[in-house]
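# Coordinates in review
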Amino acid sequence: MAKLYSGAEIVFKCLEDQKVEHIFGYPGGAVLPIYDELKNHPSVKHILVRHEQGAGHAAEGYARSTGKPGVVLVTSGPGATNVVTALTDAYMDSVPLVCISGQVPTHLIGTDAFQECDTTGITRPCTKHNWLVKDINDLPRIIHEAFEVATTGRPGPVLVDIPKDIQFAKAKYFKLKKEKKLKAKSPNKFNQKDIDQLVDLMKKASKPVFYTGGGVINSGPKASELLRELVFLTGFPITSTLQGLGAYPGDDNQFLGMLGMHGTYEANNAMHDCDLLINIGARFDDRITGKIDEFSPKSKKVHIDIDPSSINKIVKVDLSIVGDVSDVIKSITKNIKKKNLNLVKSNKQKISKWWQQIQKWRKKQSLNFINSDTVIKPQHAVQRLYELTKNQDTFITTEVGQHQMWAAQHYKFNKPNRWMTSGGLGTMGYGLPAAVGVQVAHPKKLVIDIAGEASILMTMQEISTAVQYNLPIKIFILNNQYMGMVRQWQELLHEKNYSESYSEALPDFVKLAEAYGCVGIRAKNTDELDEKIEEMINTDKPVIFDCHVDQAENCYPMIPSGKPHNQMLLGPKDQEEKKITRKGKALV
Amino acid sequence: MVKSKSAYSSPTKLGKLDTHIIVVWVDNEASVLSRVVGLFSGRGYNIESLAVAEVDHKKNLSRITVVTIGTPQVIEQIMLQLKKLVPVHKVGNFKREDKNVIFKEMALLKIVANSNKIKKALNTCKKYNPVILDQTNKSIVIQITALRREIDNMIKNLKLLGLVSASRTGAVAMTRGAEIFN
């Protein structure tokens, strides 16, 4: 007779079979049997966070930087509700997470027992799927299925809720079966005709642009290589969404920079004026498109995505190709190389005018800012950070707000999986725990959280996790004593009524760092910035870097709400030159 | 133009609204209905009526029929989003005007009135396969099967003849002819 295992043992046997090395969690009454079992499974290392939201974001950082699913273990009730923000964040940004939550014993479900909540009910809208395990015999199948759902198709979070009595109950263990049912079939639903049609469009286009997103990253490092090859082969310009940064080298000449609300002038104008728009693994988010009615009005639109429901959701497209980005790009490149060897040459001439136009837009240098000799400009700080770290393999996470946009604009990524940020949900407090997760996965690499002083206070407690596990993460705070993005909107749209956006009673971050047992560094003026950044990089401990920056700086360029791509608001330099300050303001 | 103060764009013009009948085959498991219904409420789609029951005990399959109203894009989104749910096997979509599909809804109508009015009420129902399920000298329970709109009308008309209670199943659908939906 096969050996019987307890539910808790089965959980770990599944994790071992799934080759899980790290889990992020926080114990509590309803998961104690699982925590009790932890000691018997040395291949699974548990990282104790300080708040379950931190566990979720850490697992997200882990997943985004490795491509493997992040695993979270939390208790019932508050443990589960605390992780909801992270699950929603992962759902919006398509990050594979497997969350295992404890639940009160089966016979108490529905009685408002201590630390009981309807976990599967609460997490249903923010997971790809979830399960409440009611029979121990289902447990191995469900956990393996959970990993499969999380990692296949468009990745996302899943949750398995395990009542405490199920963790004690015994059953046989089944290894995961290779041949899987139903949904495991290939996500590729395109055929050669679609590819032919796309290549034909590419041949005819005179103003083409690639618009790539997080789907390229999620498709694995191979997808980025294939993308580079395709872009080089075609000579087309390429722009990227926030989540797609790193899929294509940020310092390459064909790269127009990020597009969207705070994207570059050239990227947004190229999107508006192009005659062929090829979307690869992006989803026409409202921060990208601006006003839908006037979005890229003259272009044929092609959408390549693994998720059929992304197609025609926001923007109607002329050609849709449903499939894994790697496979689709491979087919396109193969097709071009095979039949259209002369495409490259003929195209280069055809689109040379287009490139001339793009160069004109580039001359605006829309990311420029007026630098100062005394006060540190936040853009300058990010630029210096980039220059001083670009010679090593650096991982950047961010919180949410102005600093996030400046990081995206001024830090140039050359590899995928090096950039972890909360795009869809826009979760302040994401970056610190995400950096913890990244550093766990890459213990020898430089991991920096570019942060704001308001965001960082939301999940500050996780610095304690970093100290406990000797994770030398660097928290680089662009401290302007304001919720900067809120302040910017209030300045531009609400008559400078800075309602509740001033960060009152801030802690002394250097002392705070010392209290946590890590290193605090402060920079107040431009002269000392480089030296202090070097000091931060060379410290082999967690560092909180309190960088005092210009309080009034706004993040430009920017597409004001409800405006199309070609009506951007440029920075103060441009506004001064043109003396359109008033008019520019009316644009908002 | 009024200056927008929102960080979001303002809504654009709505497309033409159509009534569709969406049929969903799902695993008959705990919370599957709430997944389907939650998808509708979470994404702001309409549910006009809903009918659900197990149709294949052996395969553990239930069939959910949802009547919904939306623009062509919204209907397409509903279909695609439903197909992404793990327990969903297949999804059918029929336009109300589709001649190849039968739509039927059943209603139970209780009328409390004198025999004269009851007779009249029965007469009004004649077109819709009335079955008398219960009758006393001052009341009657009639079962009718008809289209949604027809039942709407019946209920309106029967109010004058003593209708006190109506219970409806929501529409169910089936294709005509030998073909089955795949």
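As a convention, each chain's residues are numbered from 1 in the sequence order in which they are written. Labels are handed out in written order, letters beginning with A for the chains and numbers beginning with 1 for the ligands. Given that the model is predicted, a residue must reach a pLDDT of at least 70 before its local features are reported, and side-chain atom pairs must reach 80 or more before they are shown or counted; all residues, however, enter totals for whole chains, interfaces and linings.

A word on the interface of chain B and chain A. Listed as interface residues are 20 residues of chain B and, on the opposing side, 20 residues of chain A. Each helix is a run of H or I in the DSSP string that is no shorter than four residues. Each strand is a run of E no shorter than two, and both are numbered from the N terminus. For the side of chain B that touches chain A, the leading source of residues is helix H2 (residues 72-84) of chain B, giving six residues. Of the residues belonging to the side of chain B that touches chain A, the class tally is four nonpolar, twelve polar and four charged. Residues are defined as contacting one another if the C-beta atoms placed from their backbone atoms lie within 7 Å. In this classification, the charged set is Asp, Glu, Lys and Arg, the nonpolar set is Ala, Val, Leu, Ile, Met, Phe, Trp, Tyr, Cys and Pro, and all remaining amino acids, among them Gly, are polar.

It is worth spelling out the packing of helix H3 (residues 52-66) of chain A against helix H5 (residues 84-92) of chain A at this point. All names here are of chain A. Geometry is summarised by axes, namely lines fitted to C-alpha atoms with helices restricted to the contacting stretch, and by angles between N-to-C directions that run from 0 to 180 degrees. Interhelical geometry of H3 versus H5 gives an angle of 25 degrees and a closest axis separation of 7 Å. What the angle tells us is that H3 and H5 run roughly parallel. Every residue of H5 that contacts H3 at Gln-53, Gly-56, His-57 and Glu-60 is listed here: Thr-85, Ala-86, Leu-87, Asp-89 and Ala-90. Of the residues that constitute the contact of H3 with H5, the class distribution is three nonpolar, four polar and two charged. Orientation is classified from the angle alone, with under 35 degrees giving roughly parallel, over 145 giving roughly antiparallel, 65 to 115 giving roughly perpendicular, and any other angle giving oblique.

Another point: the packing of helix H17 (residues 378-389) of chain A against helix H24 (residues 526-537) of chain A. Residue and element names in this part refer to chain A. Closest axis-to-axis distance for the H17/H24 pair is 10 Å, and the angle between their directions is 50 degrees. When the axes of H17 and H24 are compared, the pair comes out oblique. Judged by the twist between their axes, the crossing of H17 over H24 is right-handed. Together, Ala-381, Arg-384, Leu-385, Leu-388 and Thr-389 of H17 and Leu-529, Asp-530, Ile-533, Glu-534 and Ile-537 of H24 make up the contact between the two elements. A breakdown of the residues in the contact of H17 with H24 according to their chemical character gives six nonpolar, one polar and three charged. In a left-handed crossing the near helix is turned counterclockwise from the far helix by less than a right angle, and in a right-handed crossing that turn is clockwise.

Attention now moves to the nonpolar core. Note on terminology: a nonpolar core is a set of buried residues of type Ala, Val, Leu, Ile, Met, Phe, Trp, Tyr or Cys, with members joined through C-beta atoms within 7 Å. Field definition: a residue is buried when 20 or more other C-beta atoms are found within 10 Å of its C-beta, exposed when 12 or fewer are, and partly exposed for counts in between, with C-beta atoms placed from the backbone. Counting residues in hydrophobic clusters, the biggest one holds 170 residues, and the most contacted among them are Val-72, Leu-87, Leu-97, Ile-475 and Ile-477 of chain A. The element contributing the most residues to this core is helix H19 (residues 431-441) of chain A, with seven residues. Core analysis: the next-biggest nonpolar cluster, separate from the first, contains 19 residues, Val-67, Val-74, Leu-82 and Leu-85 of chain B among them.

In this section: the sheet that holds strand E2 (residues 49-56) of chain B. All names here are of chain B. Overall, antiparallel pairing links the four strands, which are arranged E2-E3-E1-E4 in an open sheet. This sheet does not close on itself; its edge strands, each paired only once, are E2 and strand E4 (88-95). Across the sheet, the mean angle separating the axes of adjacent strands is 20 degrees when strand polarity is ignored. Strand pairing follows a simple DSSP-based rule, namely that at least 2 bridges must link the two strands. As defined by bridge partners, strand E1 (residues 18-27) adjoins E4 across seven bridges and the pair is classed as antiparallel.

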